[in-house]
Amino acid sequence: MDEIQKIIEKMDPEEALSAMAQVASGLFPQVSEEARLGFVVGLVGEAGADKVASLVQL
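Please read these numbers as outputs of a predicted model, since none were measured by experiment.

Undergrad: Would you explain the overall build of the protein chain in this entry?
TA: Across its full length, the protein chain carries four helices and zero strands. In sequence order, the protein chain lays out its α and β elements as α-α-α-α. The buried share of the protein chain, reckoned over its 58 residues, is 10%. Summed over all atoms, the accessible surface of the protein chain reaches about 5100 Å², with 60% contributed by carbon and sulfur.

Here it is in C-alpha cells:
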C-alpha cells in the first residue's frame, strides 16, 4: 500500500485519478458486488453510503 501511495504522490492529481480508474476497472470484474460497493463507499465516505445503496436499487 505504501508503494502505491508513493507512486500516486509523484503524479499529477488528474493523471493519478485516471490511472486509478484504469486499475479499478480492471479489478472490478474480478471481485464481488459487495467488494465493489465497499470500494465506492470508501471513496465517498459513510455519509454517502445511503446514496450509493439507493443507486444499487436502481
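Undergrad: How do you make sense of helix α3 (residues 33-44) when you look at a structure like this?
TA: Its twelve residues give α3 an end-to-end C-alpha distance of 17 Å, which sits within 8% of 16 Å, the value for a rise of 1.5 Å per residue. Taken from the residues just after α3, G45 is the one with a positive phi, measuring 90 degrees.

Undergrad: Before we go on, may I ask you to explain the packing of aromatic side chains in this structure?
TA: For any two aromatic rings, the description comes down to two numbers: the centre-to-centre distance and the angle of the planes. Scanning the model with the defined rule gives one aromatic pair in all. A ring pair is formed by F28 and F39, whose centres lie 5.5 Å apart and whose planes are at 85 degrees; its orientation type is edge-to-face. One end of the pair, F28, is in the loop between α2 (13-27) and α3; the other, F39, is in helix α3, with eleven residues separating them in the sequence. Of the residues examined, F28 reaches a relative accessible area of 27% and is grouped as partly exposed.

Undergrad: Could you clarify how one ought to interpret a nonpolar patch on the surface in this entry?
TA: Residues F39, L43 and V44 make up a contiguous nonpolar surface patch of roughly 300 Å² in combined accessible area. In this structure, L43 sits in helix α3.

Basis of the calculations
- Residue numbers here run from 1 along each chain, matching the order of that chain's written sequence.
- Given that this is a predicted model, residues contribute local features only at a pLDDT of at least 70 and side-chain atom pairs are listed and counted only at 80 or more, while totals for whole chains, interfaces and linings are drawn from all residues.
- Processing note: side-chain calculations cover all non-hydrogen atoms of the structure and skip hydrogens and water entirely.
- Numbering of helices and strands runs from the N terminus; a helix is a DSSP stretch of H or I covering at least four residues, while a strand is a stretch of E covering at least two.
- Remark: exposure states derive from per-residue accessible area (1.4 Å probe, protein chains only) relative to the maximum for the residue type, with buried under 20%, exposed over 50%, and partly exposed in between.
- All accessible-area figures derive from a Shrake-Rupley calculation using a 1.4 Å probe, and residue coverage is judged against the displayed protein chains alone.
- By this rule the span expected of a helix is its residue count minus one, scaled by 1.5 Å.
- Only the six-membered ring of Trp is used, alongside the rings of Phe and Tyr, when aromatic pairs are assigned; centres must lie within 6.5 Å, and planes under 30 degrees apart are stacked while those over 60 apart are edge-to-face, with the rest tilted.
- Residues qualify for a patch when their relative accessible area is over 30% and they have no salt bridge, like charges being joined within 9 Å and the nonpolar side chains of Val, Leu, Ile, Met, Phe, Trp and Tyr within 5 Å.
- We define a salt bridge as a side-chain nitrogen of Lys or Arg found within 4 Å of a carboxyl oxygen belonging to Asp or Glu.

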